[in-house]
Amino acid sequence: MPTVKLVNENDPNPIVQRVFADIKATKKIDFVPAIWRALATYPPHLEMCWTRLKAVMQPGKIDLLTKEIIALAVSATNNCRY
């Protein structure tokens, strides 16, 4: 059972709208995943987390696909249901 009420994708907060739009565009998806909707309960934190994730996931010595696979493997190892 969720302990945090997820923020609606149509929330009028300008920070939420800007970050949610960027998440959809960056990930090429038409919805905002629950983790981001939960973080949006405090919009400055949502913005900070998204900005940092985008910075970490930039191509460098390790390409984006490899980083995504590592994240998936860590999640699976930790029995993350998300």
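One structure accompanies this document, and this report is about it. (Residues numbered from 1 in each chain as written. Predicted model: local features only at pLDDT ≥ 70, side-chain atom pairs only at ≥ 80, totals over all residues. Heavy atoms only, no water.)

### Concerning the environment of Tyr-42
- The residue Tyr-42 is located in the loop between helix H2 (34–39) and helix H3 (43–56) in this model.
- Between the C-alpha atoms of Tyr-42 and Cys-80, which are 38 residues apart in sequence, the distance is 23 Å. (Helix = DSSP H or I, 4+ residues; strand = E, 2+ residues; numbered from the N terminus.)

### A look at the pattern of salt bridges
- Taken as a whole, this structure holds four salt bridges when the rule is applied.
- Lys-24 is paired through a salt bridge with Glu-9; the nearest N and O atoms lie 3.1 Å apart. Taken together, the residues span a long stretch of sequence, with Lys-24 in helix H1 (residues 14–27) and Glu-9 in the segment before H1 at a distance of 15 residues.
- Looking at Lys-24, the relative accessible area reads 28%, which means it is partly exposed.
- Residue classification places Glu-9 among the partly exposed residues on the basis of a relative accessible area of 22%.
- Put simply, Glu-68 and Lys-27 hold a salt bridge, and the shortest N to O gap is 3.1 Å. (Salt bridge = Lys/Arg side-chain N within 4 Å of Asp/Glu carboxyl O. Buried < 20%, exposed > 50% of the residue type's maximum accessible area, 1.4 Å probe, protein only.)

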